[in-house]
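# Tertiary structure, described
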Amino acid sequence: MAKTYSIAIDGPAGAGKSTIARRLAKELGYHYVDTGAIYRTVAYFMDLLGVSPKDVDGVERYIDELTIQIQYNEKGEQRMIMNGMDVSDDIRTQDISQKASLVSAHAVVRDVMLDMQRNVAKKNNVIMDGRDIGTVVLPRANVKIFLTASVEVRAKRRYDELVAKGTKADLNKIQEEIRQRDHQDITRPIAPLKQARDAILVDTSNMTINEVVTALLRIIKEKIPV
Ligand code: DC
């Protein structure tokens, strides 16, 4: 099999990981893998069954009944297939964001999802974003970036996104939800959100998307022949 390259981008919710990773993947001709979507799909599945994301026994009982496939459509967009059904749009709610953060804390969930993520990276050049890519999923990634921004900036970005879509939004509430999700993702015992020792920290608080893309391309080109 030909050698493949991998780029890991980790960081808290709203740091701009998916927007940036998508742009970089296009630029480099790599597969973009949004790993948060996997945990969102688990959360959505459990929600449909009425299982609380905190109920580890319930989650463990039903996880074997869930089959997740990651597919790419003709535009190269990642689609999440849950037991044969495309749920890519259903998993994007604020409610599922919180539930994904809770359900992803369970070892049984993380164990099942680990191989899936590694298999994609074995076969393709990938740029993968998440919370534990550089630390757990791809500890030997060729490039590791930890993308962050202040809570205030991240909340404002999410707020602007919602307002642009015509959705009513409350900035204080969004800030509170982001704080809570950060806390859950950072303090969980298994694969917490953490900067890998060999990851490069990029704070995007005062940067535009184009500036971040340019900065990361420079970092990537130093480490990977592109
Ligand atoms: O990136 P996101 O907002 O779609 O992720 C949703 C939740 O999934 C996040 O709060 C924590 C969890 N997650 C994780 O535990 N590990 C990952 N690699 C990606 C996401």
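Remember, predicted model here, so these are calculated numbers, not experimental data. Counting restarts for each chain: residues are numbered from 1 in the order of the written sequence. In keeping with the model being predicted, local features are shown solely for residues with a pLDDT of at least 70 and side-chain atom pairs are shown and tallied solely at 80 or more, while totals for entire chains, interfaces and linings include all residues. No hydrogens and no water enter the side-chain calculation; it runs on all heavy atoms of the structure.

## Remarks on the overall build of the protein chain
Stated precisely, the cut-off is as follows: Numbering of helices and strands runs from the N terminus, with a helix taken as a DSSP run of H or I at least four residues long and a strand as a DSSP run of E at least two residues long. All radius of gyration figures rest on C-alpha atoms, and the globule criterion is 2.2 Å times the number of residues raised to 0.38. Categorising residues by exposure relies on relative accessible area from a 1.4 Å probe, with only protein chains included: less than 20% of the type maximum marks a residue as buried, more than 50% marks it as exposed, and the intermediate range marks it as partly exposed. The contact criterion used throughout is that any non-hydrogen atoms of two residues lie within 4.5 Å. What sets the accessible areas is the Shrake-Rupley method with a 1.4 Å probe; for residues, cover comes only from the shown protein chains. Note that His is not counted, nor are the chain ends; the positive residues are Lys and Arg, and the negative ones are Asp and Glu. Charge positions come from single atoms, namely NZ of Lys, CZ of Arg, CG of Asp or CD of Glu.
Looking only at helices and strands, the protein chain features nine helices and eight strands. Here the C-alpha atoms of the protein chain give a radius of gyration of 17 Å, agreeing with the 17 Å that 2.2 N^0.38 yields for 226 residues. With the principal axes as the frame, the protein chain shows a C-alpha extent of 50 × 45 × 35 Å. Here the protein chain holds 226 residues, and the buried ones make up 49% of them. Considering only residue pairs separated by 6 or more positions, the protein chain has 74% of its internal contacts joining residues 24 or more positions apart. Accessible surface computed for the protein chain: about 11700 Å², of which carbon and sulfur atoms make up 49%. Here the protein chain holds 34 positive side-chain charges and 31 negative ones, and the gap between their average locations is 5 Å.

## Here's the deal with a negative patch on the surface
Threshold: Each patch is built from residues lacking any salt bridge and having more than 30% relative accessible area; the joining distance is 9 Å for like charges and 5 Å for nonpolar side chains (Val, Leu, Ile, Met, Phe, Trp, Tyr). Whenever Lys or Arg places a side-chain nitrogen within 4 Å of a carboxyl oxygen from Asp or Glu, that contact is recorded as a salt bridge.
Among the surface-exposed residues, Asp-55, Asp-57, Glu-60, Asp-64 and Glu-65 lie close enough to one another that they form a single negatively charged patch. Positionally, Glu-60 belongs in helix H3 (residues 56–62).

## Topic: the pairing of strand S3 (residues 68–72)
This is how the line gets drawn: Strand pairing follows a simple DSSP-based rule, namely that at least 2 bridges must link the two strands.
Note: S3 against strand S4 (residues 78–82), five bridges, orientation antiparallel. Bridge assignment links Gln-69 to a residue of S4, and that residue is Ile-81. Counting the residues in the hairpin turn of S3 and S4 gives five residues, including Gly-76, whose phi is positive at 80 degrees.

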